[in-house]
Amino acid sequence: MNKIDAKHVNFFYGDFQALKDISMTIEEKSVVAFIGPSGCGKSTFLRLFNRMNDLIPGSRLEGEILIDGRNIYDKSVQVDELRKSVGMVFQRPNPFPKSIFENVAYGLRVNGVKDNEFIRHRVEETLKGAALWDEVKNKLKESAFPLSGGQQQRVALARAIVLEPKILCLDEPLSNLDAKLRIDMRMELKRLQKELGITTLYVTHDQEEALTLSDRIAVFNNGYVEQVGTPYEIYNESKSEFVCDFIGDINRLKGELLSEVNTQSGANLDTNKTGFVRIERCISEEKAGYVKLTGKVEEAEFSGVLTKYVLECHGQELKYLEKNDGRRLYQENEQIDLYINPQDIMQF
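The rules behind these values
- Residues numbered from 1 in each chain as written.
- Predicted model: local features only at pLDDT ≥ 70, side-chain atom pairs only at ≥ 80, totals over all residues.
- Heavy atoms only, no water.
- Helix = DSSP H or I, 4+ residues; strand = E, 2+ residues; numbered from the N terminus.
- Contact = heavy atoms within 4.5 Å.
- Areas by Shrake-Rupley, 256 points an atom, 1.4 Å probe, with all protein chains shown as cover.
- Lys, Arg positive; Asp, Glu negative; His and termini not counted.
- Charge placed at Lys NZ, Arg CZ, Asp CG, Glu CD.
- Pairing = 2+ DSSP bridges.
- Axes fitted to C-alpha atoms, helices over the stretch in contact; angles between N-to-C directions.
- Salt bridge = Lys/Arg side-chain N within 4 Å of Asp/Glu carboxyl O.
- Buried < 20%, exposed > 50% of the residue type's maximum accessible area, 1.4 Å probe, protein only.
- Core = buried A, V, L, I, M, F, W, Y, C linked by side-chain atoms within 4.5 Å.
- Patch = residues over 30% accessible without salt bridge, like charges linked within 9 Å, V, L, I, M, F, W, Y side chains within 5 Å.

**Student:** Teacher, can you tell me more about the overall build of the chain here?
**Tutor:** Along the backbone of the chain there are eleven helices and 16 strands. Sequence separation of 24 or more characterises 65% of the internal contacts of the chain that already satisfy a separation of 6 or more. Here the chain has roughly 17,600 Å² of accessible surface; of this, 46% comes from carbon and sulfur atoms. Of the charged side chains in the chain, 46 are positive and 54 negative; the average position of the first set lies 6 Å away from that of the second.

Now the structure itself:
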């Protein structure tokens, strides 16, 4: 069942068109990640769902955005009511100058809830859902400002879900956290979304976040949506050169390398176009149907589990990943034979 239906959406900041003819359906209880380079329109699109862009002078929308079949830009829609059902968490933790308890209770109070016992229960329940209760239960009356960045972001998350929204919009919520905390929070978000069943829209620059957290990914580029699909489809079945090149780490094969692949395999790759092959598809074991390309090590990037090598091959750069077996690292100027299946090479 579709929770959201965006139809031919165009959005303008004055004369500048930020979004261009975007149509997209989003299923209920799903997680959809919006990714793309800076300035591509992903955050602008996200903020349409709780009408945050209404606050920007000179902005205007063309097209329709339907939630549960109702156009949320219809004149009859009360924006305050809409924002109760569409929560938002921003990139930077933004605790209010209040106690931890009142930060979370704020939405309940401003929406007229006066039952203190209900508020207490709801705050506790929500902080538990945000995996923060055990850390703050003995200091609920203290200010939220001394909390760590990760704790503050979980307070913001609790504040967003305390009203039990139908949709949760997350605008790069983990980008300011350190690497380990970001991974921990990613798992907490995944658990929380599954537990609550909230339709979640997630803007991120982190491709690993998008691939691991989402049911579907929308790839934005220059105001357009290039492709919408499952993480598997986006990664393995890219529909455009931009998507293929943007997602993950990839090798680009041109001219002479493509000619060599054609010569060895009888393939018919277009040597006037770039060929793209995922670096993990380049292996060091000979296989039937694979072509052999020999490269010379120029760089080695050891990261523990894996080592990424940059090779020079026919005047071009090839990258190769090798699992750390604890035995050796290839040194500069050593040769490595790589084997590639021509069917793994994508062209557009």
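Read on for the rest.
**Student:** Explanation requested: the sheet that holds strand β16 (residues 335-340) in the structure shown.
**Tutor:** Adjacent strands of a sheet pair through backbone hydrogen bonds, lying either parallel or antiparallel. Pairing in this open sheet of four strands is antiparallel, and the strands run β15-β14-β13-β16 from one edge to the other. Each edge of the open sheet is held by one strand with a lone partner, namely β15 (316-323) and β16. Sheet twist, expressed as the average angle between the axes of neighbouring strands with direction ignored, equals 45 degrees. Bridge count for strand β13 (residues 291-302) against β16 is six bridges, and the pairing is antiparallel. Note that in β16 the partner of Lys-296 across the bridge is Gln-335.

**Student:** Quick question: what am I supposed to make of the pattern of salt bridges here?
**Tutor:** Side chains bearing opposite charge may pair, as long as their charged atoms lie close to each other. Within this structure, the stated rule accounts for 26 salt bridges. The partner of Glu-125 in a salt bridge is Arg-122, with the nearest N and O atoms 2.5 Å apart. With Glu-125 and Arg-122 both in helix α4 (residues 116-129) and three residues apart, this pair spans about one turn of that helix. Overall, Glu-125 belongs to the partly exposed group, its relative accessible area being 41%. Residues Arg-154 and Glu-135 are paired through a salt bridge, measuring 2.9 Å at the closest nitrogen-oxygen approach. Separated by 19 residues along the polypeptide, Arg-154 in helix α6 (residues 149-161) and Glu-135 in helix α5 (residues 133-136) bring together distant segments of the chain.

**Student:** Sorry, what's going on with the nonpolar core here?
**Tutor:** Note on soluble globular proteins: their nonpolar side chains tend to be buried together. Phe-34, Phe-45, Phe-49, Leu-201 and Phe-220 are the most contacted members of the largest nonpolar core, which has 29 residues in total. Residues Leu-253, Cys-282, Tyr-309 and Ile-340 belong to the second largest nonpolar core, which totals 19 residues.

**Student:** So what exactly am I meant to see when it comes to the environment of Asp-15 here?
**Tutor:** Relative to the helices and strands, Asp-15 is located in the loop between β1 (2-13) and β2 (16-27). You can call Asp-15 exposed: its relative accessible area is 83%. Linking Asp-15 and Tyr-235, residues 220 residues apart in sequence, is a C-alpha distance of 35 Å.

**Student:** Explanation requested: unusual backbone geometry in the structure shown.
**Tutor:** Excluding glycine, most residues fall at negative phi; most peptide bonds, likewise, are trans. Positive phi values are uncommon outside glycine, yet Asp-68 reaches one of about 55 degrees. Counting through the fold element by element, Asp-68 comes out in the loop between β4 (59-67) and β5 (70-71). The backbone of Asn-222 sits at a positive phi, close to 55 degrees, despite the residue not being glycine. Relative to the elements of secondary structure, Asn-222 occurs in the loop between β9 (216-221) and β10 (224-229).

**Student:** How do you make sense of a negative patch on the surface when you look at a structure like this?
**Tutor:** Among the surface-exposed residues, Glu-298, Glu-299, Glu-301, Glu-317 and Glu-332 lie close enough to one another that they form a single negatively charged patch. Considering each element in turn, the negative patch owes the most residues, three residues, to β13. Secondary-structure assignment places Glu-298 in strand β13. Note on Glu-298: relative accessible area 41%, which makes it partly exposed.

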